[in-house]
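Listed below, chain by chain, are the residues.
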Amino acid sequence: QVQLREFGGGLVQAGGSLSLSCEGSGRTFSVFTNYAMGWFRQAPGKEREFVAAIRWSDRSTTYGDSVKGRITIFGDSARNTVYLQMNNLEPEDTAVYLCAAANRWQWPPSEYDFWGQGTQVTVSS
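For clarity, every value in this text was computed on a predicted model and none was experimentally measured. (Residues numbered from 1 in each chain as written. Predicted model: local features only at pLDDT ≥ 70, side-chain atom pairs only at ≥ 80, totals over all residues. Heavy atoms only, no water.)

A.B. asks: Would you take a moment to explain the sheet that holds strand β1 (residues 3-7) for this structure?
C.D. replies: Across a sheet, strands are paired by hydrogen bonds formed along the backbone, either parallel or antiparallel in direction. Taking strand neighbours across the sheet as the criterion, the 4 strands line up as β1-β3-β8-β7 in an open arrangement whose pairing is antiparallel. Two strands lie at the open edges of the sheet, namely β1 and β7 (71-76), each paired on one side alone. When the angles between neighbouring strand axes are averaged without regard to direction, this sheet yields 15°. Bridge analysis of strand β3 (residues 18-25) against strand β8 (residues 81-86) gives 6 bridges, and the strand direction is antiparallel. (Pairing = 2+ DSSP bridges. Helix = DSSP H or I, 4+ residues; strand = E, 2+ residues; numbered from the N terminus. Axes fitted to C-alpha atoms, helices over the stretch in contact; angles between N-to-C directions.)

A.B. asks: Whenever I open this one, the nonpolar core confuses me. Can you help?
C.D. replies: One broad trend across soluble globular proteins is that nonpolar side chains are buried collectively. Core analysis: the biggest nonpolar cluster contains 28 residues, and Met37, Trp39, Leu84, Met86 and Tyr97 have the highest contact counts within it. Those elements that provide at least two residues to this core are β3, β4 (36-42), β5 (49-55), β7, β8, β9 (95-102) and β11 (119-124). It is β9 that provides the largest number of residues to this core, a total of 4 residues. Ala53, Ala100, Ala102 and Tyr112 belong to the second largest nonpolar core, which has 5 residues in total. (Core = buried A, V, L, I, M, F, W, Y, C linked by side-chain atoms within 4.5 Å. Buried < 20%, exposed > 50% of the residue type's maximum accessible area, 1.4 Å probe, protein only.)

A.B. asks: Teacher, can you tell me more about the pattern of salt bridges here?
C.D. replies: Pairing between side chains becomes possible if they bear opposite charge and their charged atoms approach one another. Across all of its chains, the model carries 7 salt bridges by this definition. Among the salt bridges present, the one from Asp65 reaches Lys68, with a minimum N-O distance of 3.3 Å. Asp65 sits in the exposed class, given a relative accessible area of 67%. Salt bridges linked by common partners bring Arg41, Glu49, Arg70 and Asp93 together as one network. (Salt bridge = Lys/Arg side-chain N within 4 Å of Asp/Glu carboxyl O.)

A.B. asks: Quick question: what am I supposed to make of the side chain of Thr119 here?
C.D. replies: Within the secondary structure, Thr119 is located in strand β11. Using a relative accessible area of 12% as the deciding quantity, one classes Thr119 as buried. Once residues lying within four places of it in the same chain are set aside, the contact partners of Thr119 are Glu6, Gly8, Gly9, Leu20, Ala95, Val96 and Tyr97. (Contact = heavy atoms within 4.5 Å.)

A.B. asks: When you look at the environment of Glu6 in this model, what are you seeing that I'm missing?
C.D. replies: Within the secondary structure layout, Glu6 lies in strand β1. Residues Glu6 and Gln120, 114 residues apart in the sequence, show an inter-C-alpha distance of 9.7 Å. In this view, Glu6 contacts Ser21, Cys22, Trp39, Tyr97, Leu98, Cys99, Gly116, Gln117, Gly118 and Thr119; residues no more than four positions away in its chain are not counted. Within the structure, Glu6 has its side chain in polar contact with the backbone nitrogen of Gln117 (distance 3.3 Å). Of the polar contacts made by the side chain of Glu6, one reaches the backbone nitrogen of Gly118; its length is 2.9 Å. (Polar contact = N/O pair within 3.5 Å; in protein donor to acceptor, adjacent residues only side chain to side chain.)

A.B. asks: For this particular structure, what's the right way to read the packing of aromatic side chains?
C.D. replies: One pair of aromatic rings is described through two measures. These are the centre distance and the angle between the planes. What the rule picks out here adds up to 6 aromatic pairs. A ring pair is formed by Phe40 and Phe50, whose centres lie 5.5 Å apart and whose planes are at 70°; its orientation type is edge-to-face. Remark: Phe50 occurs in strand β5 and Phe40 occurs in strand β4; sequence separation between them is 10 residues. Relative accessible area serves as the criterion here: at 10%, Phe40 is assigned to the buried category. Ring geometry for Phe74 against Tyr83: centres 5.1 Å apart, planes inclined by 20°, an arrangement best described as stacked. By way of ring pairs, the aromatic residues Phe40, Phe50, Tyr112 and Trp115 are connected into one cluster. Directly above the ring of Phe40 sits Arg48, whose terminal nitrogen or CZ lies 5.8 Å from the centroid. When the ring centre of Trp115 is taken as origin, the NZ or CZ atom of Arg48, which lies over that ring, is 4.1 Å away. (Phe/Tyr/Trp six-rings, centres within 6.5 Å; stacked < 30°, edge-to-face > 60°. Lys NZ or Arg CZ within 6 Å of the ring centre and 35° of its normal.)

The structure is reproduced here in structure tokens:
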């Protein structure tokens, strides 16, 4: 069983920065088993959108087109934690941000096996 917990959501003004973190836990969670971790977001009335992902083996990363250049994903394998640093935030970035883990050898993952509950990010104009 794998648990993912997100931290760091909140309210920020447009142009500001926010950092999210996601900690993985559980008897079967391992950065070696869980091949990649990613962040998604979902705004009210919109489909879930891919934000970023990282592969633990070599720290390869990939980003969604809407956030490239403004968001950085990085991980700390010793803490089983992946981070999302978001800069120059825009009101359009307002959404629930969800952490996910993929336990498969596909890169980037087409599917994710475990999901967190999500954390709200609100960007005011």
